[in-house]
Every structure is written in structure tokens, then in C-alpha cells.
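Structure at a glance
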Amino acid sequence: MKISLVIPMYNEHSIIDEAIETFYTFMKETYEDFELIFVSDGSTDGCDNAVTLASKKDARIKLCSYMPNRGKGYAVKTGMLESTGDIVIFTDCDNAYGTDAVKRMADMLEEGKYDIVVGSRNLSSDGYEGYTFIRKLASKTYIKTISIAAGFNLSDAQCGIKGFTSAAAKRVFNNTEVERWAFDLEAIMIANKLGYNIGEMPVKIINHRESKIHVFSDSFKMLSDVRKIKKRVDKAELK
């Protein structure tokens, strides 16, 4: 069983050395057959160079790079379609959920019950550990509102760690079009339409970075975008 781990990155020079060391050590110690794919989304700060150097030491570390910046959704899609593993997981470059979450997600997919596994901060009492009350309330409200608009009942559809069987990854991401925010919502809508079995797994953020989403100001635009995406997916003839 080969495991692919996809890491989208954009100008991550300040953390890339630690990210390579952390993810590579974990993958090497945990799996006999693996690949670690860093996808540089138009980075201009030289973080690509660190991955290139690491790949010369072990070809299982790979770099996908393109210009210009197109968004996290496009980066994830690129990595998922480039992957060759039986199981493909994407997570954030800052290792927000920890490598233990990657292992648990791969184990769930390997059991064969699910085609897709989505991380959720809402499934355990410590999922929002370290959040302020206001940030936690805003995040939960935002997640619930967006999920209702998207038409599914996942408890945390935009959590930054998700895993797919190879077949599900290829088919879902061959049909995605969203390049920036809401790409993962689109992926789940497509997966639901294709009839894939989706499971959830509790996670908590162990490495906090300031969110790039402004909950109140971005919510209205996101709702509008989600409705448009849902309408398109509902009408689409999927490949």
C-alpha cells in the first residue's frame, strides 16, 4: 500500500525546512512505500529550492511548481492528480493537525469502509483547543452556515486535512474547477454526486497560524460562491 502526502505551499520559506524534516521523517518511519509531494503555488520566496535540494537526497520527495499563483485549490488539485499512491492525503505545510492525524486518516482509508475521509474539529471536545471563545463561535457558525448552503451534513467540511483513495482522488479532482477558497466544498459536492462513501475523523489544531479567512466579511461572498458552485455541480455531466 503506497501512501501519497500532498503539501500545498505558497511562500513558505520561513517554515519549509522544518516542514520537510517533519513530514519526511514521519513518512519514512511509518511507511515502506510513500511519496511526499510539495506543490508550490507560484511561490517567489525560494521555498521551492529547499524541496529541490531534499529531492536530490531522496527521490520520494517531489516538487510540483508553476507560475503564477493560482490558489490553494489549484495546488491541491495538481498534487492529487500527480500522486501515484493507493491513498492520497493533503494537509497544510505548517502541519496544523499533526502527523498523527495523517496516520489515523490513512488507517481509516486502508480499512476500506470509506472512499474519502474528512478531518473535523467538531467531533471531539478538544478540537478547538487554543481558540478564543469568539474565534471558536465564529468558526463553528461559519462552518454550519456554509455546509447548509452546500447541501451536506459534514461537521467541518473545510478542515484542512482530507484523504482519498486513489480512484476517488483522480475522479473527484478531474472534475473540480475552483482554484481558491471553497475548492474543498466543491470536491465534496462532486464526491457526493459520484456516490462516494465519506467518513469523518476527529482532529484538533496543534499548530496555530492566523487564519486568512475573515469570517464575517468573507461569509457573504463565500455563501454566494457556494450557491453558484452547487448549481454548476448539480447540472454538470461529471467525467
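Above this text you will find the structure in question.
Source: prediction; values computed, not measured. Throughout, residues of each chain are indexed from 1 in the direction in which the sequence is written. Reporting of local features is limited, given that this is a predicted model, to residues whose pLDDT is at least 70; pairs of side-chain atoms are given and counted only at 80 or more, and all residues count toward the totals for whole chains, interfaces and linings. Hydrogens and water are ignored here; the side-chain numbers use all heavy atoms of the structure.

Examining the overall build of the chain
Numbered from the N terminus, helices here are DSSP runs of H or I no shorter than four residues, and strands are runs of E no shorter than two. When its secondary structure is counted, the chain shows eight helices and seven strands. Evaluated residue by residue, the chain yields a buried proportion of 53% over its 239 residues. With residues, only the protein chains shown are counted as cover, and all accessible areas are computed by Shrake-Rupley using a 1.4 Å probe. Entry remark: accessible area of the chain is about 11500 Å², with carbon and sulfur atoms responsible for 51%. Three exposure classes are used, based on accessible area relative to the maximum for each residue type with a 1.4 Å probe and protein chains only: buried under 20%, partly exposed in between, and exposed over 50%.

As for unusual backbone geometry
As a rule of thumb, non-glycine residues mostly have phi less than zero, and peptide bonds are mostly trans rather than cis. The omega torsion across methionine 67 and proline 68 is -5 degrees, close enough to zero to call that bond cis. Positive phi values are uncommon outside glycine, yet asparagine 95 reaches one of about 55 degrees. Of note, asparagine 95 is situated in the loop between strand 4 (87-90) and helix 4 (99-110). Since its relative accessible area comes to 12%, asparagine 95 is described here as buried.

Digging into the pairing of strand 1 (residues 3-9)
Counting buried positions over the seven residues of strand 1 gives seven, a clear majority of the element. Where strand 1 and strand 2 (residues 34-41) come together, seven bridges link them in parallel fashion. Looking at the pairing, serine 4 lines up with glutamate 35 of strand 2. Handedness of a crossover is defined as follows: with both strands directed away from the viewer, a clockwise route from the first strand across the helix to the second makes it right-handed. Once the chain exits strand 1 it traverses helix 1 (residues 16-30) before rejoining the sheet at strand 2, and the crossover so formed is right-handed. Here a strand pair is declared whenever DSSP counts at least two bridges between the two strands. Note: strand 1 against strand 4, four bridges, orientation parallel. Looking at strand 4, one finds that serine 4 is bridged to valine 88.

Structural notes on the packing of aromatic side chains
Only Phe, Tyr and Trp rings take part, Trp by its six-membered ring, and two of them pair if their centres are within 6.5 Å. Stacked means planes under 30 degrees apart, edge-to-face means over 60, and tilted covers everything else. This model, assessed by the stated rule, comprises five aromatic pairs. Note on phenylalanine 26 and tyrosine 31: the rings are 6.0 Å apart at their centroids and 90 degrees apart in plane angle, and the pair reads as edge-to-face. Summarising the burial analysis for this pair, phenylalanine 26 and tyrosine 31 share the class buried.

Focus on the pattern of salt bridges
Think of a salt bridge as a Lys or Arg side-chain nitrogen and an Asp or Glu carboxyl oxygen that are within 4 Å of each other. Under the criterion given, the structure shown has twelve salt bridges. In this structure, the salt-bridge partner of arginine 121 is aspartate 156, at a minimum N-O distance of 2.7 Å. On the criterion of sequence distance, the pair formed by arginine 121 in the loop between strand 5 (116-120) and helix 5 (133-150) and aspartate 156 in the loop between helix 5 and strand 6 (162-165) is long-range, its members being 35 residues apart. Classification of aspartate 156 by relative accessible area gives buried; the value is 0%.

That's the geometry; what it means functionally is another story.
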